[in-house]
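Chain residues, written in single-letter form:
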Amino acid sequence: MPRISAATIGEHRAQTRDRILQAVSRLSRVQGIDAISMTDVAGEAGITRTVLYNYFPDKAALLLAFTERVTQYFIDSFERELPAEASPADRLRAFVRLQLAGLLAHPHPGAADLSAALGPAAYQQLAEHVEPMQRILVEILESGVEARDFRVIDVGATARLILAVVGAERVPLISGDVTVEAAGELVSEFVLRALGSNS
């Protein structure tokens, strides 16, 4: 019977799960998510592979849990850092900056590579986990249209295009060719001009 490091089994399981996800976070900064193996994660978390598989049956399940945690962190950060009364342009700038900071903090391959690594079913689940972030962007765009700050033909398509522009800075950020601040300014200026904003 393994040693329990908390007052209850439930607390112990929560602590172990947290250690595992923290290990994924650390490894993603060094190796990138696509290169991480279950053996790497177990070693970094200080547990056996058998214990790891008791929590996550495969890499796809592990990455889904990690993505869910990162998504919640993004949403919490966005809500904490930006007052609701901020202008749509300021909210968009904050969204872009937080997205870029997240790319740097948790490096991962592009969508096509991730889809190939995980397979279509797991990739679809991953897309569903990040949907709350996309919803925030859609809400920003809708508020900008309503305030007559943005000109948008199709909000959903525009949100996808903005996320693609943010994603285009992934490699320059990870390689250190550009800072989050510089990339944020560049992407925000480009997107705001495309939206017809004067802010």
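Coordinates for the structure precede this section.
Residues numbered from 1 in each chain as written. Predicted model: local features only at pLDDT ≥ 70, side-chain atom pairs only at ≥ 80, totals over all residues. Heavy atoms only, no water.

A.B. asks: Now, about the pattern of salt bridges: what can you tell me, with residues and values included?
C.D. replies: Taken as a whole, this structure holds 5 salt bridges when the rule is applied. D18 is the partner of R69 in a salt bridge, and the nearest nitrogen-oxygen pair spans 2.6 Å. Pair noted here: R69 is in helix α4 (residues 59–81) and D18 is in helix α1 (residues 9–30), with a separation of 51 residues, a long-range link. A residue is classified by how much of its surface remains accessible, and R69, at 33% relative accessible area, is partly exposed. (Salt bridge = Lys/Arg side-chain N within 4 Å of Asp/Glu carboxyl O. Helix = DSSP H or I, 4+ residues; strand = E, 2+ residues; numbered from the N terminus. Buried < 20%, exposed > 50% of the residue type's maximum accessible area, 1.4 Å probe, protein only.)

A.B. asks: An account of helix α2 (residues 38–45) is requested, with residue identities and associated values reported.
C.D. replies: Along α2, the positions that sit buried rather than exposed are M38, V41, A42 and A45. In an axial view of α2, the angular spread of the buried residues amounts to 100 degrees, which keeps them on one side of the axis. On the buried face of α2, the contacting elements are α1, α3 (49–55) and α4. G46 lies just past α2 and shows a positive phi near 75 degrees. (Arc of directions from axis to C-beta. Contact = heavy atoms within 4.5 Å.)

A.B. asks: Which residues make up the nonpolar core, and what values do they have?
C.D. replies: Ranked by size, the top nonpolar core spans 31 residues in total, and within it F78, L92, L100 and F150 carry the most contacts. Elements with a minimum of two residues in this core: α4, α5 (88–105), α8 (131–146), α9 (155–167) and α11 (180–194). Looking at this core element by element, the count peaks at 8 residues for α5. Beyond its immediate stretch of four places on either side in the chain, F150 contacts P88, A89, L92, I140, L141, G144, V145, L192, L195 and S197. Of all hydrophobic cores here, the second largest spans 20 residues; its members include I36, I47, Y55 and L63. (Core = buried A, V, L, I, M, F, W, Y, C linked by side-chain atoms within 4.5 Å.)

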